[in-house]
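So you can see what is in the structure, the chains are spelled out below.
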Amino acid sequence: MFTRAWLVCGVLALLAGGSFTVYQSVWLYRSASARGTIVALVPFTDPEQAGITYTPRFSFRDDQGHTHVLMSSYRTSPPEFTVGEHVPVLYIRSHPSSAKLDRFWELWLVPVVCAGLGAFFAISGYLLLRLERRFA
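Here the structure is a predicted model, which means the values were calculated and not measured.

Caption draft 1: Looking closely at the overall build of the protein. Summing up its helical and strand segments, the protein has two helices and five strands in all. Element order for the protein, N to C, with α for helix and β for strand: α-β-β-β-β-β-α. Here the C-alpha atoms of the protein give a radius of gyration of 20 Å, more than 25% beyond the 14 Å that 2.2 N^0.38 yields for 136 residues. C-alpha atoms of the protein, sized along the principal axes, occupy 65 × 40 × 15 Å. Within the protein, buried positions represent 32% of all 136 residues. Across the protein, the fraction of contacts at a sequence separation of at least 24, relative to all contacts at a separation of at least 6, is 60%. Accessible surface, the protein as shown: approximately 8,900 Å² in total, 63% of it carbon and sulfur. If you average the places of the 12 positive and of the 9 negative side-chain charges in the protein, the two averages end up 9 Å apart.

Structure, rendered in structure tokens:
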């Protein structure tokens, strides 16, 4: 029973990782690029980790000349950027508030984690199931 649950969870996580990959790929295909500037580094205190992480707040100008100021969803410690640094930004023209910094982990963290965990659980579940059947 345990091995089947392990295998099913792995397959579901692989499907989730694949879905996130397709979504992100379509988002990237539809996105436009812009040059942004880091305007602030917002500190976040996590009481469980006893540390401070920093999220960059950035501004960019879309192709219609409107300026947008957004906060990244990605946190790092120490800060990855400095205030005033120019950064590449990707955004959807019809929805510029969905802009993201053009950084690998900001764009691909969720698909990589889901696919990685899914592969681990699916392979482990499969191997445990074969082992269980061999000794049954």
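Moving on from the model shown.
Caption draft 2: Summary view of unusual backbone geometry. The residue after Ser 77, namely Pro 78, is reached through a cis peptide bond having omega 0 degrees. You can see Pro 78 is positioned in the loop between strand S3 (67–71) and strand S4 (86–92).

Caption draft 3: Structural context of a nonpolar patch on the surface. A contiguous nonpolar surface patch, about 690 Å² in accessible area, is contributed by Phe 20, Phe 104, Trp 105, Leu 109, Val 110, Val 112, Val 113 and Leu 117. Considering every element that reaches the nonpolar patch, the biggest residue donor is helix H2 (residues 104–135), with seven residues. Take Val 113: it is sitting in helix H2. A relative accessible area of 40% places Val 113 in the partly exposed class.

Caption draft 4: Highlighting the sheet that holds strand S2 (residues 51–61). Taken together, five strands build an open sheet; the order of strands is S3-S2-S1-S4-S5 and the sheet is antiparallel. The open sheet has two edge strands, S3 and strand S5 (95–101), and neither has a second partner. Adjacent strand axes in the sheet meet at a mean angle of 40 degrees, parallel and antiparallel pairs treated alike. In terms of strand pairing, S4 meets S5 through three bridges, oriented antiparallel. By the bridge assignment, Leu 90 is partnered in S5 with Lys 100. Against the sheet, helix H1 (residues 2–30) touches strand S1 (32–46), S4 and S5, its axis set at about 105 degrees to S4.

Caption draft 5: Structural context of the nonpolar core. Ranked by size, the top nonpolar core spans 12 residues in total: Ala 32, Ala 34, Ile 38, Phe 58, Phe 60, Leu 70, Phe 81, Val 87, Val 89, Tyr 91, Ala 99 and Leu 101. Where this core is concerned, the elements lending two or more residues are S1, S2, S4 and S5. When neighbours within four sequence positions are excluded, Ile 38 is seen to be in contact with Pro 56, Arg 57, Phe 58, Phe 81, Thr 82, Val 83, Gly 84, Glu 85 and Val 87.

Caption draft 6: Just the side chain of Thr 53, in detail. Take Thr 53: it is sitting in strand S2. Other than its neighbours up to four places away in sequence, Thr 53 contacts Val 42, Pro 43, Phe 44, Arg 75, Thr 76 and Ser 77.

Caption draft 7: Main features of the pairing of S3. Judged by which residues are buried, S3 turns out to be one-sided: His 68 and Leu 70 face inward and are buried, whereas Thr 67, Val 69 and Met 71, on the alternate face, are not. Pairing of S2 with S3 involves five bridges; the strand directions are antiparallel. Counterpart to Phe 60 in the pairing with S3 is His 68.

Caption draft 8: Spatial organisation of H2. For H2, which comprises 32 residues, the first-to-last C-alpha distance of 44 Å matches the rise-based estimate of 46 Å (1.5 Å per residue) to within 8%. The largest bend in H2 comes to about 35 degrees, at Val 110, with the proline Pro 111 one to four residues further on. Residues of H2 that are buried include every one of Glu 106, Leu 107, Trp 108, Pro 111, Cys 114, Gly 118, Ala 122, Ser 124, Gly 125 and Leu 129, and no others.

Reading guide: rules and limits
- Residues numbered from 1 in each chain as written.
- Predicted model: local features only at pLDDT ≥ 70, side-chain atom pairs only at ≥ 80, totals over all residues.
- Heavy atoms only, no water.
- Helix = DSSP H or I, 4+ residues; strand = E, 2+ residues; numbered from the N terminus.
- Rg over C-alpha atoms; globule rule 2.2 N^0.38 Å.
- Buried < 20%, exposed > 50% of the residue type's maximum accessible area, 1.4 Å probe, protein only.
- Contact = heavy atoms within 4.5 Å.
- Areas by Shrake-Rupley, 256 points an atom, 1.4 Å probe, with all protein chains shown as cover.
- Lys, Arg positive; Asp, Glu negative; His and termini not counted.
- Charge placed at Lys NZ, Arg CZ, Asp CG, Glu CD.
- Patch = residues over 30% accessible without salt bridge, like charges linked within 9 Å, V, L, I, M, F, W, Y side chains within 5 Å.
- Salt bridge = Lys/Arg side-chain N within 4 Å of Asp/Glu carboxyl O.
- Pairing = 2+ DSSP bridges.
- Axes fitted to C-alpha atoms, helices over the stretch in contact; angles between N-to-C directions.
- Core = buried A, V, L, I, M, F, W, Y, C linked by side-chain atoms within 4.5 Å.
- Expected span 1.5 Å × (residues − 1).
- Bend = angle between axes of the 7 residues up to and from the residue.

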